[in-house]
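Residues per chain, in single letters:
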Amino acid sequence: MNIILLGPPGAGKGTQAQRLMETRRLVQLSTGDMLRAAVKAGSEVGRRAKAFMDAGQLVPDEVVIGIIADRIEAPDCKNGFILDGFPRTTAQAEALDRMLAEKGLKLNVVIEMKVDDTALVERIAGRYACAKCGAGYHDTFQKPKVAGVCDNCGGTEFTRRADDNRETVVTRLAAYHAQTAPLLPYYRARGVLREVDGMASIDEVSRQIGRVLDSF
Ligand code: ADP
Ligand code: AMP
């Protein structure tokens, strides 16, 4: 099963994708994670992407389409994948359609995670992750069971993203509304769009996504 989690920054896409990897054995394809890895590695892609990411703007389409095209070729994608943070523009969605058609793959469902802008700012401001395994946490909404210790790997170091600050969030939300929201009618017209209440608790959102996936 190949799915897209579509929603604004901070909607909970990564949180739910991490759970779906466990429960459904799907691979998470997060362009944000791939770009951050490229920046860290100092690769050509990373050098092209960094200034856009720091400013909270979208990285140019051809850069992101290139990394997804390479990643989708990998054998682990054959059993199904979750696209998290891609596509984010109509040009990216059209490129994805072409890539899938070339490979004879189908997009089963696009799940829209609806969350109010004010809640997004709070979620992004409190977000952090385990430095070792990448498991996601939140200062208020998703604390580790034992303070300072990762539930998943026992790691004790945590990181916050450089772009998770209140100034950049405004630009990122504006980019979502202007450039990504047009994908909602794009996928609705194709009959693959389903909606979940992203304002609900993490467990409740997981249940709603589970019900959508079980209906296929
Ligand atoms: P995205 O991948 O869409 O940018 P994340 O999954 O990283 O968003 O979630 C953003 C932050 O909000 C994280 O710190 C996460 O723990 C928290 N979070 C995710 N889903 C919810 C939810 N349903 N309710 C409250 N907080 C949430
Ligand atoms: P995310 O981790 O999804 O919040 O993405 C972090 C940043 O990476 C975004 O603010 C963009 O600068 C960049 N980015 C991630 N995915 C894409 C994409 N599909 N298209 C353009 N830029 C992206």
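Reading the values: the criteria
Residues numbered from 1 in each chain as written. Chains lettered and ligands numbered in written order. Predicted model: local features only at pLDDT ≥ 70, side-chain atom pairs only at ≥ 80, totals over all residues. Heavy atoms only, no water. Pairing = 2+ DSSP bridges. Helix = DSSP H or I, 4+ residues; strand = E, 2+ residues; numbered from the N terminus. Expected span 1.5 Å × (residues − 1). Buried < 20%, exposed > 50% of the residue type's maximum accessible area, 1.4 Å probe, protein only. Arc of directions from axis to C-beta. Contact = heavy atoms within 4.5 Å. 1 Å grid on protein atoms, 1.4 Å probe; cavity = no way out; pocket = protein on both sides within 12 Å on 5 of 7 lines; lining within 4 Å. Points joined across faces, edges and corners; volume = space filled by probe spheres on them. Nonpolar A, V, L, I, M, F, W, Y, C, P; charged D, E, K, R; others polar. Core = buried A, V, L, I, M, F, W, Y, C linked by side-chain atoms within 4.5 Å. Near = heavy atom within 4 Å. Polar contact = N/O pair within 3.5 Å; in protein donor to acceptor, adjacent residues only side chain to side chain. Areas by Shrake-Rupley, 256 points an atom, 1.4 Å probe, with all protein chains shown as cover.

Undergrad: Let's hear about the sheet that holds strand β7 (residues 158-159): which residues, and what values?
TA: Pairing is antiparallel in the open sheet, where three strands are placed in the order β6-β5-β7. Of all the strands in the sheet, the pair left with one neighbour each is β6 (136-138) and β7. With two bridges joining them, strand β5 (residues 127-130) and β7 adopt antiparallel strand pairing. Within β7, the position partnered with A129 by the bridge is T159.

Undergrad: Can you lay out helix α5 (residues 90-103) for me, pointing to particular residues and giving the numbers?
TA: For α5, spanning 14 residues, the distance from its first C-alpha to its last is 20 Å, which sits close to the expected 20 Å at 1.5 Å a residue. All of the buried residues along α5 are Q92, A93, A95, L96, M99 and L100. Along α5, the residues classed as buried sweep out an arc of 160 degrees about the axis, all on the same side. Residues R98, A101 and E102 are exposed on α5 and point more than 90 degrees away from its buried face. Buried residues belonging to α5 abut β1 (3-6), α4 (61-72), β3 (81-84) and α8 (183-189). After α5 finishes, the residue G104 shows a positive phi value of roughly 70 degrees.

Undergrad: Residue-level account of the layout of surface pockets, with values.
TA: In this structure, the second largest pocket encloses a volume near 470 Å³. Lining the second largest pocket are 18 residues, and of these Q18, A135, G136, Q142 and N152 sit closest to its centre. Sorting the residues of the lining of the second largest pocket by element identifies α1 (13-24) and β6 as the ones contributing at least two each. Element by element, the count of residues in the lining of the second largest pocket is highest for α1, at six residues. In terms of residue class, the lining of the second largest pocket is made up of four nonpolar, eight polar and six charged.

Undergrad: Break down the nonpolar core for me, citing the residues and quoting the values.
TA: With 32 residues, the main nonpolar core has I4, L29, F81, L83, L96, V110 and Y187 as its most contacted residues. Listing elements by their share of this core, those giving two or more residues are β1, β2 (27-30), α3 (44-55), α4, β3, α5 and α8. The element that contributes the greatest number of residues to this core is α4, accounting for six residues. Setting aside chain neighbours within four positions, we find L83 in contact with I3, I4, L5, L29, I68 and L96. Listed in part, the 22 residues of the second largest apolar core include A11, I111, L120 and V205.

Undergrad: Explain the site of ligand 1 to me, and be specific about the residues and the numbers.
TA: As a structural note, the neighbourhood of ligand 1 is formed by 19 residues, with G14, T15, R127, Y137 and Q142 the closest of them. A distance of 3.0 Å separates an oxygen atom of ligand 1 from a polar atom in the backbone of G12. In this structure, a nitrogen atom belonging to ligand 1 sits 2.8 Å away from a main-chain N or O atom of A200. For ligand 1, whose unbound accessible area comes to 560 Å², protein coverage reaches 91%.

Undergrad: Describe the site of ligand 2, naming the residues involved and giving the relevant values.
TA: By nearness alone, 16 residues border ligand 2, and T31, Q57, G85, Q92 and R161 come closest of all. In this structure, a nitrogen atom belonging to ligand 2 sits 2.8 Å away from a side-chain N or O atom of T31. Contacts to ligand 2 include V59, whose backbone N or O atom sits 3.0 Å from a nitrogen atom. Taking 480 Å² as the accessible area of ligand 2 by itself, protein coverage stands at 97%. Per-element tally for the shell around ligand 2: the top contributor is helix α2 (residues 31-41), with four residues.

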